[in-house]
Structure formats: structure tokens, C-alpha cells
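Here are the chains, one letter per residue:
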Amino acid sequence: MPTPIRWGILGPGHIAEKFAEALNHTAGVVLEAVASRDPARAAAFAGKYGCGRYFGDYISLAEDPSVDVIYIATPHGFHLEHALLCLERGKPLLIEKPLTLSGAETSKLTDTARQKNLFVMEAMWTRFLPVIRTAEKLIREGRIGDLRMVTADFCFRGTQNPEGRLYNMRLGGGSLLDVGVYPLSLFQLLLGNPEKILSTARLAAGGADETCQAILQYPGARSAQMISGISFDSPVTATISGTEGMIQIPARWYRAGALSLEPRGEARQAFSCPVAFNGFEYQIREVVRCLDEGVLESPDWPHSMVLDRFKTMDLIREQCGIRYD
Ligand SMILES: NC(=O)c1ccc[n+]([C@@H]2O[C@H](COP(=O)([O-])OP(=O)(O)OC[C@H]3O[C@@H](n4cnc5c(N)ncnc54)[C@H](OP(=O)(O)O)[C@@H]3O)[C@@H](O)[C@H]2O)c1
């Protein structure tokens, strides 16, 4: 890979702004080009983030030989379509969460990437943050004994627009895929595959789950609980409990800069784990590391883990009657 690694952004919307800021604050990378369906939007974004080139369509970006890797930031209903468009043209990818809408779509995407010998990673940025690395380390060191229970919520009051991506099923609407994916990714990382799931959801008129709750049981007397929602705020905290203590990650846990460890019968200990910039730099560095090493997936957020998490999400969707076309 050349240095700096030249990035393209496909879909310059809300989250792409945060990503572009992080690119501009990360060593060894450069924002090379941006593509929007609207040339004026692409031009404005390119101007704002100091990138030289822009396109009024996605294919031109995918075919640009000066772009080494593409970040896909369109609504998740289009991730598979836009990923295939780029993979067919030989581009490695970082794709916003959730990678696709389902396990079937994820298999199709990752199989294609493997056949084409191209790197793909889901942009589950939380997984790479110092706070999650610190929690993993404490668990590994046995500081809370045997892991028994993980709870995490992620609810916020979003814009109640039936055409917007939160409520429009064509764009992948609903809380489970938008924010439930964060607790479920944490569970996948810490607990593996559940053996039993009990879930329920409240659906809005168009079919999007406004709130979803799941209780999951794992081998070894372990369990987890999650709540996701897009029409009200919740604490957005996480607790990881073991036989000898617990770890508490304060609001907003998925991007927190600290956590506390409370060993059983002892005083609470604080751990500071701030992010260097806005948190997106860690997933960018991980992609750079993987491209430099020539691997096709991140060992820390591998395709198998994402696929297994989708199997859980598919089952929750089935239990709750959440359907996409
Ligand atoms: N990591 C995080 O913290 C985080 C936070 C929020 C969202 N996300 C994820 O990022 C993705 C995008 O979310 P967002 O809030 O940034 O979305 P957004 O602003 O509503 O849309 C992003 C872009 O998608 C493009 N797009 C392409 N086809 C579209 C269509 N048919 N309808 C609407 N837009 C279309 C548009 O780009 P052009 O029209 O300019 O081509 C739009 O600017 C989602 O998958 C979401 O889950 C991640």
C-alpha cells in the first residue's frame, strides 16, 4: 500500500463528516476523493474537508485508481449494493455499521470480498476504543472472576420522519439495526454465541422497531440483556458482572473515556481511557494496519464474529416480526 493511504468516502452524509474529521487527524492517511449522488453536495463536502477531488456518482469513485480504500457511509439498506459496486471494481472497504441488513447479505458480501481477495471490515468503531480494550484486559486478568452477565442499553430520541433512515424500512430502519447493534456487538465480543434468546419489540406504523429488548443466555451460566430504542432517551450505560466483581462503563458507554472496576467487597477503582481525537481514528488505524499487513479481515473484528452477531440479530428480528423487503 502507498503511504499515505488514500481514502475515498461514498455517501457524504451525517456520519461521514465525523469520519472525514478523524481522517484529517490521523497519520498515514489522506482523504483523496468523495462521491455523492449530488455533485454539489460532493463539492461542498470536498471543500469543507480539504480533499482535492469529488464525483457526482458512486461508480466513478469505485473506478478511481488514485483511491486505495473506500469508506461506505450510506444508510444500511444500501450497504450490500454499494459494497458490491466497489468490490467489483477492486476496492478494499470499511463499511458503516451494521455491515448489511442480515446474515444472508453479510455472507454474500464477505464471500465476494474473499473471492476478489479484498479487505472488508464493518466500522464497529467502539470495538477498537481504549475503554473496550481496557474492559477486555480486566476480564482477561480475572479481575471480576468468572464473567456472568453483561447488560447494555442504547436508546435515543431520533427524528420521527417516516422517510428518514431511522423509520424507513427501505433504508434499513429500526432501533435494532441502528443502535441495538452496539450492545449485541459487545455481547458477541465478550460472550460469543448465545444458546437461547428471548426478545420483544414495539413496531412503528411503517414496521420499524421503535424499541427492542432481548435477554440472551450463553453456555457457562452466562447471560446478557439489551435495550435499543429510537424514540426516547435511556442512560446508555453498560455493566459487566463476574463472580468476583463488576465493571461499569458510564454514559455513553459505546464511546466512554473511562470505566470503573468494583472488585467484590473492595472500593471502586477508576480507569481513565480517553480517546485521542473523536474515536473514529482507532478503526482507521486498524484498517491501515490490516492493509499494510495484507490481511483480508481484521483479526480483532473478523467476519465470523460479525456473521455470528447477525445470526443473533436475524433471530431477534424473526421473534419480533421485524421485516425488510
Ligand atoms: N458509527 C457511528 O457512530 C454512526 C452514527 C450514525 C450513523 N451510522 C451509520 O452510518 C450510515 C449512514 O448514516 P447517516 O446518519 O450518516 O445517514 P444519512 O446522513 O441519512 O445518509 C448518508 C448518505 O447516504 C447517501 N444515500 C445513498 N443512497 C441513499 C438513499 N436512497 N436515500 C438516502 N440516502 C442515500 C446520501 O448521500 P448522497 O445523496 O450525497 O450520495 C446520504 O448523504 C448508517 O448505516 C448508520 O447506521 C454510524
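Residues numbered from 1 in each chain as written. Predicted model: local features only at pLDDT ≥ 70, side-chain atom pairs only at ≥ 80, totals over all residues. Heavy atoms only, no water.

**Student:** It is not clear to me how the overall build of the chain should be interpreted in this structure. Could you clarify?
**Tutor:** Looking only at helices and strands, one finds nine helices and 14 strands in the chain. Computed over its C-alpha atoms, the radius of gyration of the chain comes to 20 Å, within 12% of the 20 Å expected for a compact globule of 325 residues. Per-residue burial for the chain yields a buried fraction of 56% across its 325 residues. Of the roughly 13500 Å² of accessible surface on the chain, a fraction of 49% belongs to carbon and sulfur atoms. Positive and negative charge centroids in the chain, built from 34 and 37 side chains respectively, lie 2 Å apart. (Helix = DSSP H or I, 4+ residues; strand = E, 2+ residues; numbered from the N terminus. Rg over C-alpha atoms; globule rule 2.2 N^0.38 Å. Buried < 20%, exposed > 50% of the residue type's maximum accessible area, 1.4 Å probe, protein only. Areas by Shrake-Rupley, 256 points an atom, 1.4 Å probe, with all protein chains shown as cover. Lys, Arg positive; Asp, Glu negative; His and termini not counted. Charge placed at Lys NZ, Arg CZ, Asp CG, Glu CD.)

**Student:** It is not clear to me how the domain arrangement of the chain should be interpreted in this structure. Could you clarify?
**Tutor:** By a frequent convention, interface size equals the accessible area lost on bringing the separate parts together. Domain parsing of the chain yields domain 1 (5–124 + 280–295) and domain 2 (127–277 + 308–320). Computed over C-alpha atoms, the centres of domain 1 and domain 2 are 26 Å apart. Taken residue by residue, the interface counts 24 residues in domain 1 and 21 residues in domain 2. Around 1900 Å² of area is buried between domain 1 and domain 2 when both sides are counted, 65% of it from carbon and sulfur atoms. For the interface between domain 1 and domain 2, the tally reads two salt bridges. (Domains from an automatic or database assignment. Contact = heavy atoms within 4.5 Å. Buried area = accessible area lost by both parts, 1.4 Å probe. Salt bridge = Lys/Arg side-chain N within 4 Å of Asp/Glu carboxyl O.)

**Student:** What exactly am I supposed to notice about helix H4 (residues 79–87) here?
**Tutor:** Three or four residues apart is the spacing at which side chains of an α-helix point the same way, because the helix has 3.6 residues per turn. H4 sits mainly inside the fold: eight of its nine residues count as buried. Among the residues of H4, His-79, Leu-80, His-82, Ala-83, Leu-84, Leu-85, Cys-86 and Leu-87 are the ones counted as buried. In this structure, the buried residues of H4 make contact with strand S1 (5–10), helix H3 (58–63), strand S4 (69–72), strand S5 (93–96), helix H5 (103–116) and strand S6 (120–123).

**Student:** Is there a simple way to think about the packing of aromatic side chains in this case?
**Tutor:** What characterises a pair of aromatic rings is the spacing of the ring centres plus the angle enclosed by the ring planes. Enumeration over the complete set of coordinates arrives at eleven aromatic pairs. Between Phe-45 and Tyr-49, the aromatic rings sit 4.8 Å apart at their centres with planes inclined by 45°, giving tilted as the arrangement. By relative accessible area, Phe-45 is classed as buried at 4%. Overall, Tyr-49 belongs to the buried group, its relative accessible area being 8%. By way of ring pairs, the aromatic residues Trp-7, Phe-19, Tyr-71, Trp-125, Phe-154, Phe-156, Tyr-182, Trp-253, Tyr-254 and Phe-280 are connected into one cluster. Over the aromatic face of Phe-128 sits the side chain of Arg-127, whose NZ or CZ is 5.9 Å from the ring centroid. The ring of Tyr-282 has Arg-285 lying over it, and the distance from NZ or CZ to the ring centre is 5.0 Å. (Phe/Tyr/Trp six-rings, centres within 6.5 Å; stacked < 30°, edge-to-face > 60°. Lys NZ or Arg CZ within 6 Å of the ring centre and 35° of its normal.)

**Student:** Any chance you could explain the environment of Met-1 here in plain terms?
**Tutor:** Within the secondary structure, Met-1 sits in the segment before S1. Taking the C-alpha atoms as reference points, Met-1 and Glu-293, separated by 292 residues in sequence, lie 9.2 Å from one another. Setting aside residues no more than four positions away along its own chain, Met-1 makes contact with Asp-68, Pro-92, Leu-291 and Asp-292.

**Student:** Help me out: how do you make sense of the sheet that holds strand S2 (residues 29–35) in this one?
**Tutor:** Whether parallel or antiparallel, the strands of a sheet pair through hydrogen bonds between backbone atoms. Ordered in space as S3-S2-S1-S4-S5-S6, the six strands form an open sheet in which the pairing is parallel. One side of each edge strand has no neighbouring strand; the edge strands of this open sheet are strand S3 (53–55) and S6. Taking the axes of each pair of neighbouring strands and ignoring which way they run, one obtains an average angle of 25° across the sheet. Sheet topology places S1 next to S4; four bridges connect them, and they run parallel. (Pairing = 2+ DSSP bridges. Axes fitted to C-alpha atoms, helices over the stretch in contact; angles between N-to-C directions.)

**Student:** Where do I start with the packing of H4 against H5 in this structure?
**Tutor:** Between two packed helices, the angle of one axis relative to the other and the distance separating the axes together describe the packing. At their nearest, the axes of H4 and H5 sit 10 Å apart, and the two run at 10° to each other. Our classification of the angle between H4 and H5 gives roughly parallel. Judged by residue contacts, Leu-80, Ala-83, Leu-84 and Leu-87 of H4 engage Glu-105, Lys-108, Leu-109, Thr-112, Ala-113 and Lys-116 from H5. Its residues assigned to classes, the contact of H4 with H5 shows six nonpolar, one polar and three charged. (Parallel < 35°, antiparallel > 145°, perpendicular 65-115°, else oblique. Nonpolar A, V, L, I, M, F, W, Y, C, P; charged D, E, K, R; others polar.)

**Student:** Explanation requested: the nonpolar core in the structure shown.
**Tutor:** Most often, soluble globular proteins keep nonpolar side chains buried together rather than apart. Among the nonpolar cores identified, the biggest contains 110 residues, and Trp-7, Ile-9, Phe-187, Ile-240, Ile-249 and Trp-253 are the most heavily contacted of them. A total of eleven residues in this core trace back to one element, the largest contributor, which is helix H7 (residues 175–191). In terms of domain composition, this core takes at least three residues from each of domain 1 (5–124 + 280–295) and domain 2 (127–277 + 308–320). (Core = buried A, V, L, I, M, F, W, Y, C linked by side-chain atoms within 4.5 Å.)

**Student:** Got a minute to help me understand the sheet that holds strand S13 (residues 258–263) in this structure?
**Tutor:** One open sheet accounts for eight strands, arranged S8-S9-S10-S7-S11-S12-S13-S14; its pairing is mixed. Two strands in the sheet have a free side with no partner beyond their single neighbour: strand S8 (196–203) and strand S14 (269–272). Neighbour-to-neighbour, the strand axes of the sheet open up by a mean angle of 10°, direction not taken into account. For S13 and S14, the ladder comprises four bridges, and the chain directions are antiparallel.

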